[in-house]
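Structural overview for review
So the chains spell out like this:
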Amino acid sequence: MSTETLPSDAETVIIGAGAVGCSVAYHLTELGAEDVVVIDQGPLPVTGGSSVHAPGIMFQTSPSKIQTKTAFYTSRLLSEADVYDEVGGIEVARSEERMDFLQRRVEWATAYGLPDPQLLTPSEVTDHLPLVDEDEILGGYYSPTDGRVDGISALQWYMEHSTAAFYGDTEVVDLDVSGGEITGVETDQGRIDCERCVIATNNWGYQTGQLAGLDLPIAPVEHQYVVTEPLDELADAGSEMGSHTDGLDVPGNRDIQEAMSEGPHQPVGRDQDHSLYFRTHGDRLGLGSYNHETLSVDPEKMGSNSEDRQASVRGFTEEHWTKPTHRGRDKSAKQAFDELLPATADIDYAVTENGIFVFTPDGMPAVGETAAVDGLWTGLAIWWTHSGGYGRILAEWMETGVPRLPSGPVDTGGIHVRRFEPHAGETEYFVDRGAKRYEQVYSIVEPRWQPSDHRGLRRSPFYPHQEALGAAFYQSGGWESPQYYESNADLVERYRERIPEQDGWQAINRSPIEAAEHLHTREKVSMFDMTSFSSIMVEGEDSEAFLQSVCSNDVAIDIGQVRYSLLLNEGGGILADVTVVRLDDERYMVTTGGGNSPGIHGGWLKEHAPETVSVTIEEGAKSTIGLWGPNARLLLQRVTDADVTNEGFPYFRAKQLYVGEVPVIALRVSYVGELGWELWAPTEYGAKLWETLWAAGQDLGVRPMGGGALSSMRLEKGYRLWGTDIDTDANPFEAGLPFAVDMDTDFIGREALEAARTAGIDNRIVPLTLDDSTDIMLSGRPVVADGETLGYVQAGDYGYSIGESIAYTYVPDEYAEAGTSVEIHCEGEVYDATVRDEPLFDPDRNKLIR
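Summary of the structure given here.

Cut-offs and rules
- Residues numbered from 1 in each chain as written.
- Predicted model: local features only at pLDDT ≥ 70, side-chain atom pairs only at ≥ 80, totals over all residues.
- Heavy atoms only, no water.
- Axes fitted to C-alpha atoms, helices over the stretch in contact; angles between N-to-C directions.
- Helix = DSSP H or I, 4+ residues; strand = E, 2+ residues; numbered from the N terminus.
- Parallel < 35°, antiparallel > 145°, perpendicular 65-115°, else oblique.
- Left-handed = near helix turned anticlockwise from the far one by under 90°.
- Contact = heavy atoms within 4.5 Å.
- Nonpolar A, V, L, I, M, F, W, Y, C, P; charged D, E, K, R; others polar.
- Pairing = 2+ DSSP bridges.
- Expected span 1.5 Å × (residues − 1).
- Polar contact = N/O pair within 3.5 Å; in protein donor to acceptor, adjacent residues only side chain to side chain.
- Phe/Tyr/Trp six-rings, centres within 6.5 Å; stacked < 30°, edge-to-face > 60°.
- Lys NZ or Arg CZ within 6 Å of the ring centre and 35° of its normal.
- Buried < 20%, exposed > 50% of the residue type's maximum accessible area, 1.4 Å probe, protein only.

1. Here's the deal with the packing of helix 1 (residues 19-30) against helix 11 (residues 384-400)
Here helix 1 crosses helix 11 at 40°, and the two axes come no closer than 8 Å. By the angle between their directions, the pair helix 1 and helix 11 is classed as oblique. Where helix 1 crosses over helix 11, the two elements pack in a sense that is right-handed. Along its contact with helix 1, which presents Ala19, Val20, Ser23, Val24, His27 and Leu28, the element helix 11 presents Trp384, Ser387, Gly388, Gly391, Arg392, Leu394, Ala395, Met398 and Glu399. In terms of residue class, the contact of helix 1 with helix 11 is made up of 8 nonpolar, 5 polar and 2 charged.

2. Looking at the sheet that holds strand 37 (residues 763-770)
Overall, antiparallel pairing links the 6 strands, which are arranged 37-40-39-38-41-42 in a closed barrel. Geometrically, the sheet is characterised by an average inter-axis angle of 40° between neighbouring strands, direction not taken into account. As paired elements, strand 38 (residues 782-785) and strand 39 (residues 788-799) share 4 bridges and run antiparallel to each other. Within strand 39, the position partnered with Pro782 by the bridge is Tyr792. Across the face of the sheet, helix 20 (residues 707-717) comes into contact with strand 39 and strand 40 (804-812) while running at roughly 125° to strand 39.

3. Re helix 3 (residues 65-80)
With 16 residues, helix 3 should reach 22 Å at 1.5 Å per residue; the first-to-last C-alpha distance of 23 Å fits that figure. For helix 3, the N-terminal capping position is held by Ser64, with its side-chain oxygen 3.4 Å away from the main-chain nitrogen of Ile66. Phi turns positive, to about 65°, at Asp82, one or two residues after helix 3.

4. Observations concerning the packing of aromatic side chains
In the structure shown here, the tally under the stated rule is 29 aromatic pairs. Through pairs of rings, three or more aromatic residues link up here, namely Tyr225, Tyr277, Tyr290, Phe357, Phe359, Trp383, Tyr438 and Tyr442. For Arg270, the ring lying beneath its charged end belongs to Phe59, and the centroid distance is 4.0 Å. The cationic tip of Arg459 hangs over the ring face of Tyr463; the distance from NZ or CZ to the ring centre is 5.2 Å.

5. Looking at the pairing of strand 33 (residues 654-659)
In this structure, strand 33 lies alongside strand 34 (residues 662-667), joined through 6 bridges in antiparallel fashion. When the bridges of strand 34 are listed, Val659 appears paired with Val662. Counting the residues that bridge the hairpin from strand 33 to strand 34 gives 2 residues, and of these Gly660 lies at a positive phi of roughly 60°.

6. Brief notes about unusual backbone geometry
For the bond running from Leu44 to Pro45, omega is 0°, close enough to zero to count as cis. Backbone torsion omega between Glu838 and Pro839 reads 0°, so that peptide bond is classified as cis. The backbone of Asp786 shows a phi angle near 55°, a positive value even though the residue is not glycine. Residue placement: Asp786 occurs in the loop between strand 38 and strand 39. A positive phi angle is found at Arg845, which is not glycine, with a value near 60°. When you line up the elements, Arg845 lands in the segment after strand 42 (829-835). Here Arg845 falls in the partly exposed class, since its relative accessible area comes to 39%.

7. Some remarks on the sheet that holds strand 26 (residues 525-529)
Ordered in space as 33-34-35-32-26-36, the 6 strands form an open sheet in which the pairing is mixed. Edge positions in the sheet fall to strand 33 and strand 36 (702-705), since each of these pairs with one other strand and no more. Across the sheet, the axes of successive neighbouring strands diverge by a mean angle of 30°, strand direction being ignored. Sheet strands in contact with helix 15 (residues 512-523) are strand 26, strand 32 (622-628) and strand 36, and its direction is about 140° off that of strand 36.

Here is the structure:
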């Protein structure tokens, strides 16, 4: 519904009437939200944003489950709305490496529920796409439900089928924030008081965030698209170009909108070996290219529509079309297209553009409520492909507190706007990282790939010692975290017979030293840098009552006691797993993982805390060592006067003690299934903590241990990793964590858990081991039985202590019994596997509790 007079107040204001803003408005009102207003600086529906200059091509298959799920939901929604051309999509391979990648496409699509994914021979590709030169390709990947959205028609459909009020030609000039809450939106047409606001401005995301004092890391970049003059080979398709936008207010060049509104009659295509994509526009062909150097746009100078151009379109730069400027490609866009589609070689172009879209530093969307401003939500860095799905997720999140699609709850850790590190809002950083994501958008990115720029941002006090020991640093949350240490290379020979060789895709960026560190820790003692992990101090007279209200387990514990618990959302999904330590009557320490945990989980606790409780997120305030292995007690006892015997310091207990001269909070917990402690010290004492332990442990075989060993050791024990095995798309019963739930206490999510328990648990996590292979299974690969896809690999690694390859997956309850046979499809191979009881290693906990 559209109206003329801007209201003075609304419950919800959505800024941006493009694909995302309109989707959020539609889904909010479908869920019963009232008093929703949508505003945009451009005319409606042709706003001048990326939603209307885009060719609308939708390829749904992604390595990411949530990207694939949101794409499929979007295609179904828009198909039902009759604004989607389901012509199918084909990605061609012009190299053997790409054919291997297309096999992965099939496996991801199968795992995440896309219908009928297929590999095609060259002749089968040209049956669908006759303009492709069969001699140029090795084959293709076909997804029958891929296609193209008619952008303008889709926006009109949203507006007609939503009870929200839409206003064009309304520029936002300020966001009013008072007391940490959004209170109003100032526009050039007047002010709107509001309780909630959604930033859905995509290309203008950074600028809009600045109005509320936020540094949202949204980097605009240009990419190229051309539409040819009519081709004789497509003459039978006809064309209606010239009439699509009659009666519409179109800023800038109307030819662009006319061309984008002309639908395809053949499958949409991609040549990712050369960073290209294409589709028919009636009797013309549209050619898109990422095959040029990154053309970053100043995020502070996106501008607005003018008579000459749309705000999201820049002038076509011919040199980026005709010359090979992409540093990962040896051919220009034109040369590669001329070879693949010979009919385009000598044709003129009727329409050209450098269209703008955006990337975040990690290439994923930025969705959710901001930490700094209550009631201010974002839906940014989202393409047409996923816009319907993310609109539904955001609306559900806002209305019910549970992000979900009709298929069920979704995991939000990788898309949450709060995941970004404190440095991510610095302009040069996010523009550079966005540029790298643009460069990689059609590239084959290796497993465990690491960036080379903007390194060394966050370093623990142990960094100089780690560097001297040859640490291979991986960046996580900006932290430089060792994956393994070259100083441990001598251990590889010691354990050679227990370390199977890996080859192919599974072996890339993987070192046998990781395995050696795993085995050494099981036999001796190792030091693991946990500085990137977070401690959250909860203090005040009501601290116990507060934690009891947000933790799934009973945290009314004695001083010095430690309890594992979960934080849940209203739907019972797992927001976080945490360790709760009672240090005093009114003082707790809550520990959780690193990466995005401080922003997401710490911020959630702060939001829910009453005025009588103080919540302090100590990100980087403590330097922490995990001291683990059979010799851990011998080593720790050498450097402390405290009693660290099993009787004097039992499992899941805490003490404040000294390691040498260093004050630490010691927790007797272990994430690797060995005797050991986490030693939390103030950061300024960190270097001394490392040096004290290192010097005292030389004759005990102390070694440094990296993240690679941690990964394989925790899988042997079945310890969960948030964002990998558990997230908001699973509840504790499905995740095998009933021991972390006390239903006799009252906590957020309890009612949902009670309902789930009453209904019965249909899906649950199980470990699998391969029957006759030592290959490491990769995440996102389908788990199959009886011809049906049961689930997919959540995490996989080799269990060097048990001598078996391990994969964790969720399966229907009837397949969860130990001994059940299944298959895993990975890298084009089919592996026989068996469901096992957990834990796979030390089930009686003899190594932990002694």
